Amino acid sequence: MKRILLLTTIVALFLNSCQNNLTFDNIEIKPQFRSIIPLVSFKIEQDKFYDSLNNLPIFFVTDTTRFSLISEPIIRDNLDRIRIFSEVNNQFDRQFIYELVCLDENNIETAKFQSFPVQPNQSDYKRTWDLFITDNPNFLNTEKLVLNLTIMQPTPINPNEEQFFELKSYAEAYLSF
Amino acid sequence: MKKTIFYLLFFINYFVFSQQQLNFGFAESPQTLLLNPGAETNFNYHYGLPFLSNLNFDAGSTSFNLGDLFLDDGISFTDKLKSVVELSDENDFFNINVRNDILFGGFRLDEKSYVSFGFYQELDFIFYMPNDILELGLYGNATSFNRNFSFSHLRFKATTTGVLHAGVSKKINKRLNIGARAKIYSSSANVETNNNSGTLTTFNNPQNIIRQTINNLDVDVKSAGLFNSRGVFLDNPRDIYSNTFLGGNFGLGFDVGFTYHFTPDLELTASAIDIGFIRYKKDTRNFKAKGNFVFDGINFEFDPNNPRDYWDELEDEFDEKVPTEENQNAYTSLRPLRLNVALKYGFGEIRPKSCYTGTRKVYHSNSIGFQLHSVSRPGDSQYALTSFFENSFSENFHLKFTHTFNNYSDAIFGAALAFQWRTLNFVGVVDNISQAANLETADTFAFSLGINFVIK
């Protein structure tokens with residue numbers, strides 16, 4: 001180490017007059033960037049709205065998964081805002097509402113993204129949500145995702161008539177380091 | 001303090017660009033033996049001033065200069081880095097080479113043979129601009145639909161080495177002098193990656209609006225000496241530099257070279273330096289990732305009879321399709337091979353000078369010539385072509401003026417000075433003189449010196 005310091009001193013003396021316009025303070029890389037990832041999707045058909053064992057119509061379906069992306073340190077420490085885009089193709093002659101619910105590890109809600117009613121046979125429904133971390137810091141504790149789909153009119157769906165409700169979505173994360 | 005030293009070293013290393021090749025074949029100084037073991041010598045003994053017998057710093061960048069990143073102009077470092085990335089492509093690089101002799105000496109074995117030996121430390125670092133990866137990190141992928149971010153841009157190599165060497169320069173006849181030098185390398189640290197492949201792409205897809213894919217990923221990063229045996233990262237330069245003498249990762253190599261006089265006026269010199277390898281097996285830590293993956297997000301099934309944890313399944317699928325591995329396998333790394341060739345024509349006044357044998361020989365007061373220098377790198381080899389004019393004011397005072405074009409610039413002007421006062425032999429080189437007063441805009445800069453004592 002002494003040798004390196006010696007070299008440093010010699011060369012620094014030589015260079016001393018040449019570096020006045022340079023600064024080595026604040027050498028920090030602080031990018032602000034936007035990253036997009038596919039989020040959730042599904043295509044649900046008519047048979048999911050009928051309980052064939054009990055011969056009962058179904059008006060509400062739900063599914064849950066663990067989702068630990070938000071709790072990754074690089075996301076949790078730097079996320080400013082998240083924007084979720086969703087597209088729906090509803091081929092049923094029913095009105096639906098869908099919602100994406102975020103939960104923490106204790107199943108306490110950290111955020112909820114709910115659609116307006118999707119009209120019967122509406123094939124081009126789009127909905128975008130923005131969530132700012134400053135307003136919703138609990139979102140960073142998200143560990144699970146729940147997707148709920150509700151039929152607004154309580155009239156049974158014919159399980160033999162081929163129809164579907166399709167949702168696609170992606171998320172855009174705004175990060176500042 | 002550590003941080004300060006690091007930045008200072010980085011700063012110094014960056015723009016003190018020593019054209020080692022300017023010393024090549026210059027003034028029969030002892031340092032020339034390290035660039036060409038077949039160089040002619042004209043002394044009976046020499047010993048270097050410890051730590052100052054041969055200092056060489058070498059750094060340069062093909063796409064940016066110091067001012068682009070460090071100018072004190074109120075612009076944030078991040079914005080400057082973005083500008084640099086914008087101006088760069090994956091073939092741009094910056095490299096650093098720092099070399100200092102700890103010990104250097106030599107003696108005449110007989111009338112025809114001169115033996116030299118010593119130990120030097122070397123830091124060698126080259127980093128190719130991984131533009132795709134940098135842009136991904138600086139901007140994200142939101143604005144880069146359909147763009148293939150390539151992992152092949154990831155290429156770098158850094159090595160700290162101690163080199164124990166001994167060589168002999170032997171006069172075969174009046175025309176030919178040959179030489180060779182054996183080297184034992186002892187590397188304290190190395191990190192390198194090359195020949196990576198794979199792309200990360202985001203694009204529109206009917207499955208779920210967008211799809212992300214990893215295609216043909218094959219990334220392999222090897223390292224040694226950066227973590228201790230307990231797996232702790234060594235962030236103190238002292239830990240790395242203190243281990244270059246017989247530190248545990250050994251290698252072997254050799255240099256060869258010759259000097260040939262076609263006529264008394266026309267001389268050809270050539271050398272190959274660092275034909276060798278280092279075998280890393282101590283404190284190694286390597287990382288590998290390989291595979292393909294398609295990501296469409298989470299696809300819910302809504303099947304209460306068969307509940308699934310989609311995220312866990314995705315993680316498992318990713319681990320299966322893109323397996324990553326950390327291991328401590330030994331590996332071999334080739335040394336960067338340096339080639340030097342020079343053709344020199346002497347003219348002007350013919351003067352006598354004394355020889356180590358006590359006899360006299362003649363030399364020209366002036367000479368001109370060309371020299372070619374190349375060094376093998378993880379990417380393409382780097383080349384430098386130098387034309388030079390040498391003037392000897394006396395037997396003991398020599399000047400050399402050069403013009404070099406290389407990967408960094410096509411207008412690098414340099415000067416070298418060598419003189420002998422009694423037994424003191426001094427060689428100094430400054431290159432890229434035209435930008436010496438304004439180093440923040442220099443692509444390269446050169447500085448080297450050597451202080452030895454020679455006895456005829």
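One can find the structure itself at the top, above this paragraph.
Report follows, based on the coordinates. Because the structure is a prediction, the values reported are computed rather than measured.

Next up on the list: the sheet that holds strand 1 (residues 32–45) of chain A. Read across the sheet, five strands follow the order 8(A)-5(A)-10(A)-1(A)-13(B) without closing on themselves; strand pairing throughout is mixed. Both outer strands of the open sheet, strand 8 (125–132) of chain A together with strand 13 (298–299) of chain B, are each paired with one neighbouring strand and no more. The pairing of strand 1 of chain A with strand 13 of chain B spans two bridges and is parallel. Each bridged residue has a counterpart across the sheet, and for Val40 of chain A the counterpart in strand 13 of chain B is Ile298 of chain B.

It is worth spelling out the environment of Val168 of chain B at this point. All names here are of chain B. The residue Val168 is located in strand 6 (residues 156–171) in this model. Using a relative accessible area of 34% as the deciding quantity, one classes Val168 as partly exposed. Once the C-alpha coordinates of Val168 and Gly38 are considered, the two residues, 130 residues apart in sequence, prove to be 7.8 Å apart. Not counting the four nearest positions on each side in its chain, Val168 is found in contact with Pro37, Ser113, Tyr114, Val115, Ile178, Gly179 and Ala180.

This part takes up the nonpolar core. Here is a general trend for soluble globular proteins: nonpolar side chains tend to be buried in one another's company. Counting residues in each nonpolar core, the largest one holds 59 residues, and the members touching the most others are Phe139 and Phe165 of chain A. Tallying contributions element by element places strand 1 of chain A first for this core, with six residues. Not counting the four nearest positions on each side in its chain, Phe139 of chain A is found in contact with Ile70, Leu79, Ile82, Cys102, Thr110, Ala111, Phe113, Leu131 and Ile133 of chain A. Formed by 13 residues, the second largest nonpolar core is a distinct cluster that contains Leu22 of chain A together with Phe64, Leu66 and Leu138 of chain B.

Turning to a nonpolar patch on the surface, a few remarks are in order. Residue and element names in this part refer to chain B. Side chains of Tyr45, Tyr47, Leu103, Phe107, Leu109, Phe117 and Ile455 sit close together on the surface and give an oily, nonpolar patch of about 670 Å² of accessible area. By the secondary structure assignment, Tyr45 is in strand 1 (residues 45–48). Taking relative accessible area as the criterion, Tyr45 reaches 46% and is therefore assigned partly exposed.

Definitions and cut-offs
- Residues numbered from 1 in each chain as written.
- Chains lettered and ligands numbered in written order.
- Predicted model: local features only at pLDDT ≥ 70, side-chain atom pairs only at ≥ 80, totals over all residues.
- Heavy atoms only, no water.
- Pairing = 2+ DSSP bridges.
- Helix = DSSP H or I, 4+ residues; strand = E, 2+ residues; numbered from the N terminus.
- Buried < 20%, exposed > 50% of the residue type's maximum accessible area, 1.4 Å probe, protein only.
- Contact = heavy atoms within 4.5 Å.
- Core = buried A, V, L, I, M, F, W, Y, C linked by side-chain atoms within 4.5 Å.
- Patch = residues over 30% accessible without salt bridge, like charges linked within 9 Å, V, L, I, M, F, W, Y side chains within 5 Å.
- Areas by Shrake-Rupley, 256 points an atom, 1.4 Å probe, with all protein chains shown as cover.
- Salt bridge = Lys/Arg side-chain N within 4 Å of Asp/Glu carboxyl O.

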